[in-house]
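# Residue-level structure breakdown
Each chain, written out:
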Amino acid sequence: MLKICTVYFGDLYTPDYVEKLFSSIRRNSSIRFQSVCISDNPNVKADLVLPYNHHSDVKKHWHKLKFFSPHFADQYPGDDIIVMDIDQVITNNIDDLIGYPVHDNELVTYGIWWKSLLHTNGGFYKFKSGSLKFVWDDFIENPEYWQNHYYINGDVHFKYYGEQNYVNWKTEEYKAKIIKTPGKWIGRYHSDIRDNVELNKIYCDKFDAEYMILDEVNENIKIVHFTGPGKTIHEHNAQWIEEHWK
Amino acid sequence: MRIICCLFGDKFTQWHVDNLKHMIDTYSGLKYDSFEVITEDLYGNWYNKFQMYDKFRDGENLYFDLDMVISGELPNLIRKEFTLLDDTWWREEAHTPLNSSIVSWTGDVSHIWDKFKANDTYYLEKYNKGSDEFYYREVEYQTYDPVCPKINMNKLNTDYNVCTLGQMHHVMEKGWTGWWSQYFISSQTLSSPALSWWKQQL
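Note that this is a predicted model, so its numbers are computed, not measured.

## Here's the deal with the overall build of chain A
Secondary structure summary: chain A contains seven helices and 10 strands in total. Its C-alpha atoms give chain A a radius of gyration of 17 Å, near enough to 18 Å, the size a compact globule of 246 residues would have. Dimensions of chain A, computed from C-alpha atoms along their principal axes, come out at roughly 50 × 40 × 35 Å. Taking all 246 residues of chain A together, the buried fraction comes to 43%. Long-range contacts, defined as pairs at least 24 residues apart, comprise 73% of the intrachain contacts of chain A with a sequence gap of at least 6.

Given below as structure tokens:
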């Protein structure tokens, strides 16, 4: 079985992000899956909702790492696991993305085209259940250390950020194969109009496209990621968001 | 005989107390006269445990942490002298070799409480990694023979019928499934295919 898993907590986003993400995946895919959400809000809608424990040693986005353990979320040997951020808008058929082939000891992640020091992107992880269990097992031996490490190190600018840095480090340390999906499938959106112009330019140069996102989204893009701390979907009123985010 | 546990703070709940009692009553074979729960939160940390040495000054006493798995009949854990676990048979020695997940004594060991209480601010600062270092440095103790390993997530260790979860206590939360789940009270995922698969691995 394919499980698509996410985490919702706090009040930056609204509970309907989860429902809209899963609804839009179903609308744009023929692949059956079980939706799973770790949440501190009873109003999220998913096939399996698991509690976000505010008293846990595990903080914020680091809860995503639980899905790397085969003991979590009713995983069964052979399951394909996808972990996604909720701040994404599906704009096209994503069979090729969520059905991307993966084998043991492989991590499929977004092939991003914007500047990044990392080879993995926390917006999308796909792996075989349990095959990358070292990600969780090593983390939970000392969660306080890892959750602060990248902030203390200056790699990230917000406390408790760095989950994707950690996943990147662990997959490389254990020599897991990192597989990147085609970059042209992924759009990136900013609240700042100048940033969006710059992003459009980079995308067009990279993929010989006429635009990334203007009034509508480039037909090669399957999913648009609202990246960066504090970037929300619901505070934007672009027509293409209204059309796809429901 | 008295069984004792501690419940305070936010990490553990009444479910964990009920779960410990369930495992003791169902699997351990222990016969006891009273099941005591210390709930007074004096220190906000595991030094709260020390209250038991003040409260229970007679008879046989056996203490368990809440994050244990008891999967079968236990050996005799009652001790005359003050006794706790030495973990160094399964882990490297850290700031202390000791682990107070299981503690036993008979009679009055209130001197432990008295010593700590008299200078509690000093000891909380001095042994800030945990209360087990206080035992190691400040108290006369005996240790059990190997009786309680750390949990092996992949397989039930049939050589021992009790194990400590330690850093793995998250597996008691809803959503976690493994061989241990069938020993817990009202497992949330009891009928899932995943649990059936884990049971087959025993």
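## Structural notes on the overall build of chain B
Secondary structure summary: chain B contains six helices and eight strands in total. Overall, chain B shows an N-to-C arrangement of helices and strands of β-α-β-α-β-β-β-β-α-α-α-β-β-α. By the compact-globule yardstick of 17 Å for 202 residues, chain B fits well, its C-alpha radius of gyration being 17 Å. Overall, the C-alpha framework of chain B stretches about 55 × 35 × 30 Å when taken along its three principal axes. Considering only contacts within chain B whose residues lie at least 6 apart along the sequence, 68% involve residues at least 24 apart.

## A few points about the sheet that holds strand β1 (residues 2-8) of chain A
Picture the strands of a sheet paired through backbone hydrogen bonds; they go either parallel or antiparallel. Residues and elements named next belong to chain A. Here we have seven strands laid out as an open sheet, ordered β3-β2-β1-β4-β7-β6-β8, and mixed in their pairing. A single partner strand is all that each edge strand has here, and the edge strands are β3 (48-51) and β8 (177-180). Averaged over neighbouring strand pairs, the angle between their axes works out to 20 degrees when direction is ignored. Taken together, the four bridges between β1 and strand β4 (residues 80-84) define a ladder with parallel strand orientation. When the sheet's bridge partners are listed, Ile4 is paired in β4 with Ile82.

## Structural notes on the environment of B:Leu62
Residue and element names in this part refer to chain B. Among the structural elements, Leu62 can be located in strand β3 (residues 60-64). Given 24 C-beta atoms within a 10 Å radius, Leu62 is considered buried. Residue contacts for Leu62: discarding those within four places in its chain leaves Met1, Ile3, Leu77, Ile78 and Ser104.

## Brief notes about the pairing of strand β6 (residues 98-106) of chain B
Residues and elements named next belong to chain B. Among the nine residues in β6, seven count as buried, and that is most of the element. Relative to β6, β3 runs antiparallel, the two being bridged by five bridges. Bridged to Asn61 within β6 is Trp105.

## So, the nonpolar core
Counting residues in each nonpolar core, the largest one holds 109 residues, and the members touching the most others are A:Cys5, A:Val18, A:Cys37, A:Ile82 and B:Tyr63. By residue number, the principal contributor to this core is helix α1 (residues 16-27) of chain A, which donates five residues. Excluding anything up to four places from it in sequence, A:Ile82 contacts A:Leu2, A:Lys3, A:Ile4, A:Cys5, A:Ile98, A:Phe124, A:Tyr125 and A:Lys126.

## A look at the interface of chain B and chain A
Interface extent is often summarised as the accessible area lost during association of the parts. If you look at the interface, chain B gives 18 residues, while chain A gives 14 residues. Residue classes in the side of chain B that touches chain A are distributed as seven nonpolar, seven polar and four charged.

## So, unusual backbone geometry
The phi angle at A:Lys175 is positive, at roughly 55 degrees, despite the residue not being glycine. The residue A:Lys175 is located in the loop between α5 (163-173) and β8 in this model.

## Things to note about the sheet that holds strand β5 (residues 88-90) of chain A
Residue and element names in this part refer to chain A. Taken together, three strands build an open sheet; the order of strands is β5-β10-β9 and the sheet is mixed. Of all the strands in the sheet, just β5 and β9 (186-188) have a single pairing partner and so form its edges. For this sheet, the mean angle separating the axes of adjacent strands, direction not counted, is 25 degrees. Pairing analysis gives three bridges linking β5 to strand β10 (residues 223-225), with the strands arranged antiparallel. Each bridged residue has a counterpart across the sheet, and for Ile90 the counterpart in β10 is Ile223.

## Details of helix α4 (residues 143-152) of chain A
Residue and element names in this part refer to chain A. Buried within α4 we find Trp146, Gln147 and Tyr150. Buried residues of α4 fall within an arc of 100 degrees about the axis and therefore sit on the same side. The outward face of α4, more than 90 degrees from its buried face, is lined by the exposed residues Glu144, Tyr145 and Ile152. Gly154 occupies a position one or two residues after α4 and carries a positive phi of about 85 degrees.

## Focus: the packing of helix α3 (residues 134-141) of chain A against α5(A)
All names here are of chain A. Two elements in contact, α3 and α5, have axes whose closest approach is 10 Å; the angle formed by their N-to-C orientations is 115 degrees. As for how α3 packs across α5, the hand of that crossing is right-handed. On α5, the residues that touch Phe134, Val135, Asp138 and Phe139 of α3 are Tyr166, Val167 and Lys170. Across the contact of α3 with α5, the residue classes break down as five nonpolar, no polar and two charged.

## Some remarks on the confidence of the model for chain B
Residues with a pLDDT of 70 or more make up 92% of chain B, whose mean pLDDT is 91. For this predicted complex, the interface confidence score (ipTM) comes to 0.88, while the overall pTM stands at 0.90.

## Overview of the environment of B:Ser101
All names here are of chain B. Structurally, the position occupied by Ser101 is in strand β6. The sequence separation of Ser101 and Asp86 amounts to 15 residues, and the corresponding C-alpha distance is 10 Å. The contacts of Ser101, once residues within four sequence positions are left out, are Asp65, Met68, Leu85, Cys148 and Thr164.

What counts, and where the lines are drawn
- Residues numbered from 1 in each chain as written.
- Chains lettered and ligands numbered in written order.
- Predicted model: local features only at pLDDT ≥ 70, side-chain atom pairs only at ≥ 80, totals over all residues.
- Helix = DSSP H or I, 4+ residues; strand = E, 2+ residues; numbered from the N terminus.
- Rg over C-alpha atoms; globule rule 2.2 N^0.38 Å.
- Buried ≥ 20, exposed ≤ 12 C-beta atoms within 10 Å, placed from the backbone.
- Contact = placed C-beta atoms within 7 Å.
- Pairing = 2+ DSSP bridges.
- Axes fitted to C-alpha atoms, helices over the stretch in contact; angles between N-to-C directions.
- Core = buried A, V, L, I, M, F, W, Y, C linked by C-beta atoms within 7 Å.
- Nonpolar A, V, L, I, M, F, W, Y, C, P; charged D, E, K, R; others polar.
- Arc of directions from axis to C-beta.
- Left-handed = near helix turned anticlockwise from the far one by under 90°.
- pLDDT = per-residue confidence, 0-100.

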